[in-house]
Amino acid sequence: MLSARSLFQEILDDDEAYRLFCSIAASGESQGGWENARIAALVPQSLGRLAPRIVRHGADEDKHGRIFNALLKRRGLRPVDVPPETDYTMLLERQGIGLAHTRLRREERLTERDIMTYLAHSRVTEQRASEQMRLLRRYFADHPDIGRAVKMISHDEDNHLAYCHEELLRLARAGHGRTIQRIMRECALAEISVYRDVSLAVMDHMGRLLRWPRPKAAALAAGIHAIHTYERLFGWRRMVSLETPRHRDPLGSPAVPEPEYA
Ligand SMILES: [Fe+2]
Ligand SMILES: [Fe+2]
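Cut-off values and rules
Residues numbered from 1 in each chain as written. Chains lettered and ligands numbered in written order. Predicted model: local features only at pLDDT ≥ 70, side-chain atom pairs only at ≥ 80, totals over all residues. Heavy atoms only, no water. Helix = DSSP H or I, 4+ residues; strand = E, 2+ residues; numbered from the N terminus. Rg over C-alpha atoms; globule rule 2.2 N^0.38 Å. Buried < 20%, exposed > 50% of the residue type's maximum accessible area, 1.4 Å probe, protein only. Contact = heavy atoms within 4.5 Å. Areas by Shrake-Rupley, 256 points an atom, 1.4 Å probe, with all protein chains shown as cover. Lys, Arg positive; Asp, Glu negative; His and termini not counted. Charge placed at Lys NZ, Arg CZ, Asp CG, Glu CD. Axes fitted to C-alpha atoms, helices over the stretch in contact; angles between N-to-C directions. Left-handed = near helix turned anticlockwise from the far one by under 90°. Nonpolar A, V, L, I, M, F, W, Y, C, P; charged D, E, K, R; others polar. Phe/Tyr/Trp six-rings, centres within 6.5 Å; stacked < 30°, edge-to-face > 60°. Parallel < 35°, antiparallel > 145°, perpendicular 65-115°, else oblique. Core = buried A, V, L, I, M, F, W, Y, C linked by side-chain atoms within 4.5 Å. Donors = N, O, S within 2.8 Å, 3.2 Å for Na, K, Ca; no water. Disulfide = S-S within 2.5 Å. Salt bridge = Lys/Arg side-chain N within 4 Å of Asp/Glu carboxyl O.

### Considering the overall build of the chain
For the chain, the helix and strand inventory stands at eight helices and zero strands. Secondary structure elements of the chain, listed N to C terminal, follow the sequence α-α-α-α-α-α-α-α. Relative to the globule expectation of 18 Å for 262 residues, the C-alpha radius of gyration of the chain, 18 Å, shows essentially globular dimensions. Structurally, the chain occupies a C-alpha span of about 55 × 45 × 35 Å along its principal axes. The buried share of the chain, reckoned over its 262 residues, is 50%. Restricting the contact set of the chain to residue pairs at least 6 apart, pairs at least 24 apart contribute 84%. Of the roughly 13,200 Å² of accessible surface on the chain, 53% is carried by carbon and sulfur atoms. One way to put it: in the chain the 40 positive side-chain charges average out to a point 3 Å from where the 36 negative ones average out.

### Points about the packing of helix α3 (residues 51–74) against helix α6 (residues 112–140)
With their axes 14 Å apart at the nearest point, α3 and α6 run at an angle of 35 degrees to one another. Every pair of crossing elements has a handedness; the one defined by α3 and α6 is left-handed. Within the contact between the two elements, α3 uses Ile54, His57 and Glu61 and α6 uses Tyr118, Ser122 and Glu126. Partitioning the contact of α3 with α6 into residue classes produces two nonpolar, two polar and two charged.

### Things to note about the packing of aromatic side chains
As enumerated under the stated definition, the model contains four aromatic pairs in all. Judged by centre distance (6.3 Å) and plane angle (75 degrees), the rings of Tyr139 and Phe140 are edge-to-face. A residue is classified by how much of its surface remains accessible, and Tyr139, at 22% relative accessible area, is partly exposed. The class for Phe140 is buried, based on a relative accessible area of 2%. Ring geometry for Tyr230 and Phe234: centres 5.9 Å apart, planes at 45 degrees, overall tilted.

### A closer look at the packing of helix α1 (residues 4–13) against helix α2 (residues 15–41)
In contact at an axis separation of 5 Å, α1 and α2 are set at 105 degrees when each is read in the N-to-C sense. With respect to their mutual orientation, α1 and α2 come out roughly perpendicular. Contact residues: α1 offers Phe8, Ile11, Leu12 and Asp13, while α2 offers Asp15, Ala17, Tyr18 and Phe21. When grouped by side-chain class, the residues that make up the contact of α1 with α2 number six nonpolar, no polar and two charged.

### A short note on the nonpolar core
With 47 residues, the main nonpolar core has Ile39, Ile54, Ile115, Tyr118, Leu119, Tyr163 and Met206 as its most contacted residues. Looking at this core, the elements with two or more residues in it are α1, α2, α3, α4 (88–94), α6 and α7 (147–209). A per-element tally of this core places α7 first, with 15 residues. Excluding residues that lie within four positions of it along the chain, Ile39 makes contacts with Ile54, Leu99, Leu104, Leu110, Ile115 and Tyr118. Listed in part, the 19 residues of the second largest apolar core include Tyr18, Cys22, Phe68 and Val150.

### Things to note about the coordination of the iron ion (ligand 1)
Taken together, the protein ligands of the iron ion (ligand 1) are Glu29 (OE), Glu61 (OE), His64 (ND1) and Glu157 (OE), with distances of 2.0 to 2.3 Å. Within one chain, the residues serving as donors to the iron ion (ligand 1) are arranged as E-x31-E-x2-H-x92-E. Here the iron ion (ligand 1) and the iron ion (ligand 2) are spaced 3.6 Å apart, and both take Glu61 as a donor. Taken together, the residues span a long stretch of sequence, with Glu29 in helix α2 and His64 in helix α3 at a distance of 35 residues. Accessibility assignment for this pair places Glu29 and His64 in one class, buried.

### Quick word on the coordination of the iron ion (ligand 2)
Protein coordination at the iron ion (ligand 2): the donors are Glu61 (OE), Glu126 (OE), Glu126 (OE), Glu157 (OE) and His160 (ND1), at 2.0 to 2.5 Å from the metal. The motif formed by the donor residues of the iron ion (ligand 2), counted along the single chain, is E-x64-E-x30-E-x2-H.

### Digging into the state of the cysteines
Evaluation of the coordinates by the stated rule reveals zero disulfides. The thiol of Cys164 is unpaired, and the distance to the nearest cysteine sulfur, on Cys187, comes to 11 Å. Take Cys164: its relative accessible area is 0%, and that puts it in the buried class. The class for Cys187 is buried, based on a relative accessible area of 3%.

### Examining the pattern of salt bridges
As enumerated under the stated definition, the model contains 21 salt bridges in all. Its salt-bridge partner being Arg238, residue Glu131 comes within 2.8 Å of it at the nearest N-O pair. Placement of the pair is Glu131 in helix α6 and Arg238 in the segment after α8 (214–233), with a sequence separation of 107 residues. The class of Glu131 is partly exposed, set by a relative accessible area of 28%. Look at Arg238 and you get partly exposed, because its relative accessible area is 28%. Taken together, the shared-partner salt bridges in this structure form one network comprising Arg49, Glu166, Glu167, Arg170 and Arg248.

The following block contains the structure:
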């Protein structure tokens, strides 16, 4: 039967598929880590209170990258090159979503508007990360190899999302509500298309590695298109709402290390 659980199980059970999955995840996480570290270094003085939180955000993403690499190593596998069509972070950046890497490489302070772009972009992408990790946690929280990693990363992604809500609300109350809504909407609509393209590309690679019969691959592709249609019509709204999180200031302290995975 075709279910998210059986798909992940198939990937987990196959060395090459697992290798590709962890490599894609590790690469996305490390890119997120680098982006956050640069943003933290360039925060404008007026928003200086955010700098340690952005540092923590970046440290968490770097840690996730190390965890996915450690999961590979534990199984005696080396990371593979990530096919460009599966590179979610790079494709978003190419669409002009979030802050451009060329901008982040410059030694020039960001503006308040840039920080709103960073937070709105994170609000949308952390929603995706949080949902994906919750899905993995639902099925594999007790898995002997990946259970602990999945729980730890899922907890962190929930925190990242909560932090984005809290800080965007603060800026909205300071009078930037309309700008923030506009950036979030733009981000969400671009993200759902990139997410569809990346999902199709990942499934295409997995299908070949796992030798899926044509009808199975076609059913999965149809499922991805159906999700995209739903998200384009209705689902995007969940990515642009702002609510006060239950846990306040979740990134207000330094990162928790990952001794068992590093
Ligand atoms: Fe992450
Ligand atoms: Fe995150």
